[in-house]
Amino acid sequence: MDGEDETTKYGEPRKYDPTFKGPIHNRGCTDIVCCILFIVAILGYFAVGILAWSQGDPRKVIYPTDSRGQFCGQAGTPLAKKTKLFYFNIMKCANPMVLLEFQCPTTQLCVEKCPKQFMTLLKAHAVSKDWDYYKDFCKEGATKAKPVQEILKEGLCPAMLLPSKSFTRRCFPALSRKGQDVLVGNQSQFDDGSGLRPAKDLLDGVKNASVVIEARQVAMKIFEDYTQSWYWILIALVLAMVISLIFIVLLRFLAGIMVWVMIVLVILVIGYGIFHCYMEYAHLKDEPGADITLQELGLQMDVSIYLQIRQTWLAFMIILAILEVIIILLLIFLRKRILIAIALIKEASRAIGHMMSSLFYPLVTFLLLAIVIAYWAVTAVFLSTSNEPIYKVFNETECEFGRQTCNPENFSTSDMKTKCPDSECLFAFYGGETVYHKYLIGLQFYNVFLFFWCANFVTALGQMTLAGAFASYYWAFVKPDDMPTCPIFSSLGRALRYHTGSLAFGSLILSIIQVIRVLLEYLDHKLKGAQNKCTKFLLCCLKCCFWCLEKFIKFINRNAYIMVAIYGKNFCTSARDAFFLLMRNIIRVTVLDKVTDFLLFLGKLLIVGLVGVFAFFFFSGRVKAFEDTAPTLNYYWVPILTVVVGSYLIAHGFFSVYAMCVDTLFLCFLEDLERNDGSAERPYLMPDNLLKVLKKKNKTESE
């Protein structure tokens, strides 16, 4: 009775159909309404892009803007050679109001180069040679004939110049340290009596600026490391691609052996990681300062400092040991299911062997995703720069017009200037009050939503294309004679011609959930300072629930696309059929399918581990043979981390084809068990090795 109840609850098993030969060719269009909606949305997306490109001005992102709203360094203007933005009083940039108004409340001027020496206006005004240098950092109208007091009153020049360095085309103080003091300028300048004083005397209360400068210096060092090692990084990524290709080719012929070799190698690689962490931990035993805890050290900009602490290597060793134990336990308890998973991987290897072009289909998906991302990024930049310059009143003393909108052209003769003599009309930000500017936030939201929808559509198209091709392989009675001539192109044509609506429907559901997750993250970021414990708990629960929902929808969509590719039904029907088929075989799904995913993940881990270990020994200079070849780096972990992430993405691209092949063959395998019984009239279409593992066989007519 329980078995009958389960069958009724999750639908009837598939019945034998003698006419079924794999993916149905005589099919019609599905989910037409969603297809039309998607086309209209895409046309609207193009309209938004055209509108943004006609209104936007990307120069606002490329070039810094001075207090008059002019672009520094723009070609064809008087400021073409003045590429740097100079702040009259950088101390005002540490004001908390900057975080609210996104504009430093001080005069900003375009200059050719940042100041290199400390100098006061009083000193420069007294010496003609110094004045010739100083006036490059003053507004027009500043002359030596005017007294210093009048120049400062009219805001024509800064009170002093600080040695500065350019970062993102903006002049920031060049800070250094001497003992506990933060210094402006280098150490030699401080010692030679040039008049420099500790920065805490010059910029009292601007300690946060030193943190910004340290972050800038770290960023510059990382950038230098990339310029020194980019070609070696490319070589390592090419090596990862070659290893992935070799691994997949070997899987076709030696799938069983390769899987066990892969498992052993992963265990050995992690074991070596544990050994290396222990050796580093033991090596630092007698080193001074190595026993400091991570909590005592706190957050440091120089990440390499953490590698000089024993607790760091102890943490790495514990994490790797836990991972090693988990992998070994999983292999022990799931060893029988691994045999079935190996059989599926072998069959997937044969399927890919008959369709080698499928390995390069991820490049098509990558290209389409690159186009979607580029269109979204360009549209976002043009939308964000399509505002008009807004000027506001900034003042030193209390003023009733403070932070109000002003017009710089007539500000000097306005009532605002009369009532607040020390106020200035400075560029604040970009905005506007037209209908277009009022709905600009809506256009930005539409841009983000269509980005998710298009990106998910491209991913779904790749999944359905591969599923249709691999399904045609499984259901072919004589392989490869009964397969289409070009299975990948045939499946792609069917997906675009008949099932654009189904692809749009599934990707729309997923996009709505992803946008909700983005909004929750935005709310969490905005309300972080004002959250109580109840609000934090509620937001945390919502984020967790929608994360789980997104994972579930991705799983349903993936299997729904396989059923659409095979039977040509609409998205909802296919999703229901796939879900019921999986639920009727829930034990096989939870164990067999996940074991296969785990084995493929170990393959990615092995490729990343091999390339990562090679990159570590090369860039860290631990091997003497590489000492003369390896580039000199500030942080050797920068290229290593880049290589590891890039290798994982490359391996994931190749193994995603394998994963889709295994998932498709798995659903076909479940349907094969329901449709057929191994008799001469209804023979199983699964390979012999899978029949052997399942202890089933096809009977001949005599039997």
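Per an unreviewed UniProt entry, the protein is named Choline transporter-like protein, and its organism is Alosa alosa. Of the comments in the UniProt record for the protein, the one headed Sequence similarities (unreviewed entry) reads "Belongs to the CTL (choline transporter-like) family."

Chemist: Is there a simple way to think about the overall build of the protein in this case?
Modeler: Across its full length, the protein carries 24 helices and ten strands. Counting every position in the protein, which comprises 703 residues, the buried fraction comes to 45%. Considering only residue pairs separated by 6 or more positions, the protein has 70% of its internal contacts joining residues 24 or more positions apart. Summing over all exposed atoms, the protein offers an accessible surface of approximately 37,600 Å²; the carbon and sulfur share of this is 64%.

Chemist: What is the right way to read the environment of Ala124 from this model?
Modeler: Inspection of the secondary structure assignment puts Ala124 in helix H5 (residues 121–126). Residues in contact with Ala124, not counting those within four places in the same chain, are Met119, Asp130, Trp131 and Tyr134.

Chemist: Even after reading the chapter, I still don't get the packing of aromatic side chains, so can you show me in this structure?
Modeler: The geometry of two aromatic rings is summed up by the distance between their centres and the angle between their planes. Across all of its chains, the model carries 24 aromatic pairs by this definition. Plain terms: the ring middles of Tyr45 and Tyr375 are 4.8 Å apart, the flat faces sit at 75° to each other, and that makes the pair edge-to-face. Placement of Tyr45 in helix H2 (residues 32–55) and of Tyr375 in helix H14 (residues 361–384) is noted, with a sequence separation of 330 residues between them. The two residues Tyr45 and Tyr375 agree in class, both being buried. Put simply, the rings of Tyr45, Phe46, Trp53, Tyr375 and Tyr446 touch in pairs and so form one group of aromatic residues. Stacked on the ring of Tyr281, the Lys or Arg Arg310 has its end atom at 4.0 Å from the ring centre.

Chemist: Sorry, what's going on with the packing of helix H20 (residues 533–567) against helix H23 (residues 637–675) here?
Modeler: Packed helices, taken two at a time, are described by their axes: the angle between them and the distance between them. The N-to-C vectors of H20 and H23 enclose an angle of 65°; their axes lie 11 Å apart at closest approach. The chirality of how H20 crosses H23 is right-handed. Residue-level contacts link Arg558, Asn559, Ile562, Met563, Ile566 and Tyr567 of H20 to Ser656, Ala659, Met660, Asp663, Thr664, Leu667, Cys668, Glu671 and Arg675 of H23. When the residues that make up the contact of H20 with H23 are grouped by side-chain class, the tally is eight nonpolar, three polar and four charged.

Chemist: Sorry if this is basic, but what is going on with the layout of surface pockets here?
Modeler: In this model, the largest pocket occupies a volume close to 1,800 Å³. Lining the largest pocket are 48 residues, and of these Thr459, Gln463, Arg558, His652 and Ser656 sit closest to its centre. Counting only elements with at least two residues in the lining of the largest pocket, the list comes to H14, helix H17 (440–474), helix H19 (500–526), H20, helix H22 (586–620) and H23. For the lining of the largest pocket, the element with the highest residue contribution is H23, accounting for twelve residues. The class makeup of the residues in the lining of the largest pocket is 27 nonpolar, twelve polar and nine charged.

Chemist: Help me understand empty space enclosed by the protein, please; the structure alone is not making it clear to me.
Modeler: In this structure the tally under the stated criterion is one cavity of 30 Å³ or more. Considering the residues around the largest cavity, the lining is formed by Arg27, Met464, Gly468, Ser491, Arg494, Ala495, His499, Val564 and Ala565. Where the lining of the largest cavity is concerned, the elements lending two or more residues are H17, helix H18 (487–498) and H20. A per-element tally of the lining of the largest cavity places H18 first, with three residues.

Chemist: Hey, could you run me through the nonpolar core in this one?
Modeler: A general tendency of soluble globular proteins is for nonpolar side chains to be buried together. Membership of the largest hydrophobic core comes to 103 residues, with the highest contact counts inside it found for Leu599 and Phe669. When residues of this core are assigned to their parent elements, the largest contribution, 19 residues, is made by H17. Beyond its immediate stretch of four places on either side in the chain, Leu599 contacts Val259, Met262, Ile263, Ile338, Ala341 and Ile345. If you look at the next biggest cluster of nonpolar residues, it comprises 19 residues, including Val111, Phe137, Cys138 and Leu161.

Chemist: Looking at this structure, how should I read the state of the cysteines?
Modeler: Among covalent bonds in proteins, the disulfide is the one between the sulfur atoms of two cysteines. Enumeration over the complete set of coordinates arrives at three disulfides. There is a disulfide in this structure between Cys72 and Cys110, and the S-S distance comes to 1.9 Å. Taking the sign of the S-S torsion, -75° for the link of Cys72 and Cys110, the bridge is left-handed. Here Cys110 lies in strand E2 (residues 108–111) and Cys72 lies in the loop between helix H3 (59–62) and strand E1 (84–87), a separation of 38 residues in the sequence. The same class applies to Cys72 as to Cys110, namely buried. A sulfur-sulfur distance of 2.1 Å marks the disulfide that ties Cys114 to Cys171. The chirality of the disulfide connecting Cys114 with Cys171 is left-handed, given an S-S dihedral of about -85°. Highlighted residues: Cys114 in the loop between E2 and strand E3 (119–120) and Cys171 in strand E6 (residues 170–173), separated in sequence by 57 residues. Cysteine Cys35 remains unbridged, with the sulfur of Cys29 as its closest cysteine sulfur at 7.5 Å.

Chemist: I keep staring at the pairing of strand E5 (residues 164–167) and nothing clicks. Help me out?
Modeler: Two faces make up the sheet, and in a regular strand the side chains alternate between them. Pairing of E5 with E6, which is carried by four bridges, proceeds in the antiparallel orientation. For Ser164, the partnering residue across the bridge sits in E6 and is Pro173. Where E5 folds back on E6, the antiparallel hairpin that results is connected by two residues, among which Thr168 adopts a positive phi of roughly 50°.

Chemist: I keep staring at the environment of His283 and nothing clicks. Help me out?
Modeler: With respect to the helices and strands, His283 occurs in helix H10 (residues 207–283). By relative accessible area, which is 54% here, His283 ends up exposed. The sequence separation of His283 and Arg310 amounts to 27 residues, and the corresponding C-alpha distance is 8.8 Å.

Chemist: Where do I start with unusual backbone geometry in this structure?
Modeler: Keep in mind that most residues, glycine aside, have a negative phi and that most peptide bonds are trans. Although it is not a glycine, Asp31 sits at a positive phi angle of roughly 50°. The class for Asp31 is buried, based on a relative accessible area of 18%.

Chemist: Hey, could you run me through the pattern of salt bridges in this one?
Modeler: When their charged atoms lie close together, side chains carrying opposite charge are able to pair. Per the stated rule, a full pass over the model turns up ten salt bridges. For the salt bridge of Arg350 with Glu347, the shortest nitrogen-to-oxygen distance reads 3.1 Å. In this pair, Arg350 and Glu347 are both assigned in helix H13 (residues 335–354), three residues apart and thus about one turn of the helix distant. By relative accessible area, Glu347 is classed as buried at 5%. Residues Lys543 and Glu521 are paired through a salt bridge, measuring 3.9 Å at the closest nitrogen-oxygen approach. You can see Lys543 sitting in helix H20 and its partner Glu521 sitting in helix H19, a full 22 residues away along the chain. A relative accessible area of 41% places Glu521 in the partly exposed class. When salt bridges that share partners are traced, they join Arg517, Glu550 and Lys554 into one network.

Calculation notes
- Residues numbered from 1 in each chain as written.
- Predicted model: local features only at pLDDT ≥ 70, side-chain atom pairs only at ≥ 80, totals over all residues.
- Heavy atoms only, no water.
- UniProt positions renumbered as here; feature names shortened; annotations may be inferred.
- Helix = DSSP H or I, 4+ residues; strand = E, 2+ residues; numbered from the N terminus.
- Buried < 20%, exposed > 50% of the residue type's maximum accessible area, 1.4 Å probe, protein only.
- Contact = heavy atoms within 4.5 Å.
- Areas by Shrake-Rupley, 256 points an atom, 1.4 Å probe, with all protein chains shown as cover.
- Phe/Tyr/Trp six-rings, centres within 6.5 Å; stacked < 30°, edge-to-face > 60°.
- Lys NZ or Arg CZ within 6 Å of the ring centre and 35° of its normal.
- Axes fitted to C-alpha atoms, helices over the stretch in contact; angles between N-to-C directions.
- Left-handed = near helix turned anticlockwise from the far one by under 90°.
- Nonpolar A, V, L, I, M, F, W, Y, C, P; charged D, E, K, R; others polar.
- 1 Å grid on protein atoms, 1.4 Å probe; cavity = no way out; pocket = protein on both sides within 12 Å on 5 of 7 lines; lining within 4 Å.
- Points joined across faces, edges and corners; volume = space filled by probe spheres on them.
- Core = buried A, V, L, I, M, F, W, Y, C linked by side-chain atoms within 4.5 Å.
- Disulfide = S-S within 2.5 Å.
- Pairing = 2+ DSSP bridges.
- Salt bridge = Lys/Arg side-chain N within 4 Å of Asp/Glu carboxyl O.

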